[in-house]
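Descriptive analysis of the structure
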Amino acid sequence: EFAITVNDSGFGVVTEKYYFDFAGKADSDGFSQAVKGNGNDFLKWRVFDERITPYFGRIETISLEGFSFDQAENILELKYSLDNAISQKTSEDSRSTTWRLNQSLLSKFEQGTLIIVPKNTTLGINFPQAAELKAEMLPPTVQTTKNSMVLKNARVNNLNIQYVIPKPIAQTISLSELASW
C-alpha cells in the first residue's frame, strides 16, 4: 500500500505499508527485533531484505520521516519526503494554477507502454486540500475524489494526472484590520 501526499509546492511525502503474514509469534518477534536492530538504516534493511527500500526514490534523494513496525497488525510502515518535486506547474493565470504530476514518479509501475498496479497493491495520491483533480483526463478505472485518486489492480496506458489550485478572488480582510483603517 502506497500513499503519496503532494503539498502546495509540488513536493511529496510517501507512506509505504508492507503487510506481513508470519508463520508464528517467533517469526513476528524475530522481525520486531530486526526492526529495532536496523532502525532507520536503509543499508541494514537492504542487507536484511532487498525489497524493503524506498519505492518512489533512492536512499540519496529522500528524507526519512519514520520507520515503524506494528507488531499487533504485522505492518511495517516507512514514511519519507522526496527531495525533488513530483509535480510541476504547467500554467498559471489570475484565477488558478495548473499542476501536472511527473510521470517518472510511476516509473516502477511501468511495463512497456502500460502502467500496471499489481493485485493486492493500492496507490493513493492526495493532492493539496484546495486542489481540484482533473478527473475527466483519467481513465474510468482510476477512483477519484475532488483532490485525490486511487489506483488498485489497474492497467492503464497513459496517465496524464493534472490538478488545478484556484486562487482567491479577493484578499480577505479581518474585522480588526477593517476597524484600524
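First things first, this report covers the structure right here in the doc. (Residues numbered from 1 in each chain as written. Predicted model: local features only at pLDDT ≥ 70, side-chain atom pairs only at ≥ 80, totals over all residues. Heavy atoms only, no water.)

Looking at the pairing of strand β2 (residues 12–19)
- Two strands pair when backbone bridges link them, and strand β1 (residues 2–6) and β2 are joined in this way by five bridges, in the antiparallel orientation. Residue pairing in the sheet places Ile-4 in a bridge with Val-14 of β2.
- Connecting the antiparallel pair β1 and β2 is a turn made up of five residues, with Gly-10 showing a positive phi of about 90 degrees.
- Where β2 meets strand β4 (residues 75–82), seven bridges bridge the pair, whose relative direction is antiparallel. Pairing of Thr-15 across the sheet is with Lys-79, part of β4. (Pairing = 2+ DSSP bridges. Helix = DSSP H or I, 4+ residues; strand = E, 2+ residues; numbered from the N terminus.)

Re the nonpolar core
- Residues Ile-4, Phe-56, Leu-123, Phe-127, Met-149, Leu-159 and Ile-161 are the most contacted members of the largest nonpolar core, which totals 42 residues.
- Once you skip the residues sitting within four places of it in the chain, Phe-127 turns out to touch Val-6, Leu-101, Leu-133, Asn-147, Ser-148, Met-149, Ile-161 and Tyr-163. (Core = buried A, V, L, I, M, F, W, Y, C linked by side-chain atoms within 4.5 Å. Buried < 20%, exposed > 50% of the residue type's maximum accessible area, 1.4 Å probe, protein only. Contact = heavy atoms within 4.5 Å.)

Considerations on unusual backbone geometry
- Although it is not a glycine, Asn-74 adopts a positive phi angle of roughly 60 degrees.
- Position of Asn-74 among the secondary structure elements: in the loop between β3 (62–70) and β4.
- One non-glycine residue with positive phi stands out, namely Asn-120, at about 65 degrees.
- With respect to the helices and strands, Asn-120 occurs in strand β8 (residues 114–126).
- Relative accessible area serves as the criterion here: at 74%, Asn-120 is assigned to the exposed category.

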